[in-house]
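These are the residues of each chain, in order.
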Amino acid sequence: VIFKSAIEASQNVAQEIAQLIRYKQSSNELCVLGLATGSSPIKVYEELVRMHKEEGLSFSNVITFNLDEYYPMTKENRQSYHYFMHEHLFNHIDIKPENINIPDGTVTLDKLNQYCLDYDKKIMQLGGIDFQLLGIGRTGHVGFNEPGSHINSGTRIITLDHITRIDASSGFNGIANVPKRAITMGVSTILRSKRIVLLAWGQNKADIVKRTIQGDISADVPATFLQNHSNTTFVLDQFAASEL
Ligand code: GLP
């Protein structure tokens, strides 16, 4: 779906999320949301916060799982995705703190494997993710599933691609300070979501959007795995869609 502007597109996506939350509320069910960081989802979060404040949208039945976190990374660090999510969403809504799940960048290496298995297990025990929001990196990563990520991969630690670290460098005062690794939800974890919406804005995403939607399905561009998912929508602005 192509919108004129990212704002209009984000408002539409936020509406869909709000509708799902309300529907689940009306049947006394939990709503399991998979959430993304980066600049792409910021306006969706702004709109959800507005709906909470002005329209009484409640997040009391919402449980969230974030896609990824740098590793190692403390929660207090302003560059952490933990900090980002609280700043842009969680601090402004009525979600229960115990319902927030973000990969923990402080888990020691010896415990990490089990930690990742438990992250996936928790999602599956809740019946899977109802709605997964995604951005896309210029390498074709979703979450931090960099090129080479297997379609069956679960949540795990991953080495970040050089391009990803260049793109993150402005937030870290130079590439030398960008962590070399991250914890990411796996491709298979993402693909098990009942509904997926991938956001991409701006001309600098046009090339990877084209390769993702029109290219061959391959681990070289992990986002291409979404082509076979039965309920995925790519929500683009006119610039990100300009090479389709
Ligand atoms: C990071 C995140 C991804 C995100 C990507 C794109 O790498 N781990 O989940 O999709 O950035 O970021 P942006 O939305 O700022 O373009």
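Scoring rules and cut-offs
Positions within a chain are numbered from 1, following the residues in the order the chain's sequence is written. This being a predicted model, a pLDDT of at least 70 is required before a residue's local features are given, and a value of 80 or more before pairs of side-chain atoms are given or counted; all residues contribute to the totals for chains, interfaces and linings. What pLDDT conveys is the predictor's confidence in a given residue, as a value from 0 to 100. The helix and strand labels rest on DSSP assignments: H or I over at least four residues marks a helix, E over at least two residues marks a strand, and numbering proceeds from the N terminus. Any helix carries an expected span of 1.5 Å times its number of residues minus one. Exposure in this text rests on C-beta crowding, where 20 or more other C-beta atoms within 10 Å of a residue's own make it buried, 12 or fewer make it exposed, and counts in between make it partly exposed. The C-beta atoms are placed from the backbone. Of all possible arcs, the one meant is that of the directions from the helix axis to the C-beta atoms. By convention in this section, buried Ala, Val, Leu, Ile, Met, Phe, Trp, Tyr and Cys residues joined through C-beta atoms within 7 Å make up a nonpolar core. In this description, a residue-residue contact is defined by the distance between C-beta atoms placed from the backbone, which must lie within 7 Å.

Draft legend 1. The arrangement of the confidence of the model for the chain in detail. Per-residue confidence for the chain averages 98 on the pLDDT scale, and 100% of its residues sit at or above 70. Both scores are available for the predicted complex, with the pTM at 0.98 and the ipTM at 0.94.

Draft legend 2. A look at helix 1 (residues 6-26). Taking 1.5 Å of rise per residue, the 21 residues of helix 1 would be expected to cover 30 Å, and the 30 Å separating its terminal C-alpha atoms lies within 8% of that figure. Those residues of helix 1 lying buried are Ala-6, Ala-9, Ser-10, Val-13, Ala-14, Ile-17 and Ile-21. Along helix 1, the residues classed as buried sweep out an arc of 130° about the axis, all on the same side. Opposite its buried face, helix 1 presents the exposed residues Glu-8, Gln-19, Tyr-23 and Ser-26, each directed more than 90 degrees away.

Draft legend 3. Here's a closer look at the nonpolar core. Within the largest apolar cluster, 65 residues are counted, with the highest numbers of intra-cluster contacts made by Val-13, Leu-134, Val-197, Leu-198, Leu-199, Ala-200 and Val-235. For this core, the element with the most residues is helix 1, which contributes six residues. In contact with Leu-134, not counting residues within four places along its chain, are Ala-36, Val-142, Ile-196, Val-197, Leu-198 and Leu-199.

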